[in-house]
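# A structural walkthrough
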Amino acid sequence: MALTGTTAADRAKILAEALPYIQRFHGKTIVIKYGGNAMTDSKLKKSFARDVVLLKLVGMNPVVVHGGGPQIDDLLSNLARRVSSYRACG
């Protein structure tokens, strides 16, 4: 893997800063929301995949969920309209 954009020293510094978090979350399940530009930009997709693999390699259990922001907003909007159009009679 080429060190494009960062040097080996930069990466070592980043890992040293991340070490307390790696130790804290070792063996834990980490839920990661994936959506937006990260799903459409090929450079971001590769970076995301590399980061998820790294989390697994350092002992975490990453679970990726689809962000689905716009789809969820549409669904909630439709549900709200439907709910507000019904009346409960008692």
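The structure presented is a predicted model; accordingly, all values stated were derived computationally and were not measured.

Thresholds applied
- Residues numbered from 1 in each chain as written.
- Predicted model: local features only at pLDDT ≥ 70, side-chain atom pairs only at ≥ 80, totals over all residues.
- Heavy atoms only, no water.
- pLDDT = per-residue confidence, 0-100.
- Contact = heavy atoms within 4.5 Å.
- Phe/Tyr/Trp six-rings, centres within 6.5 Å; stacked < 30°, edge-to-face > 60°.
- Helix = DSSP H or I, 4+ residues; strand = E, 2+ residues; numbered from the N terminus.
- Buried < 20%, exposed > 50% of the residue type's maximum accessible area, 1.4 Å probe, protein only.

Time to look at the confidence of the model for the chain. For the chain, the average pLDDT comes to 81, and 83% of its residues sit at 70 or higher. Predicted confidence is poor over residues 84-90, with pLDDT under 50, and the contacts of this stretch with residues over four places away or in other chains come to zero contacts.

The subject of this paragraph is the packing of aromatic side chains. Given two aromatic rings, their pairing is described by the distance between the two centres and the angle made by the two planes. One pass over the structure, following the stated rule, counts one aromatic pair. Ring centres of Tyr34 and Phe48 lie 4.1 Å apart, and the angle between their planes is 20°; this geometry places the pair in the stacked category. Taken together, the positions of Tyr34 in strand 1 (residues 29-34) and Phe48 in helix 3 (residues 42-57) put the pair 14 residues apart, joining distant regions of the chain. In this pair, the class of Tyr34 matches that of Phe48, namely buried.

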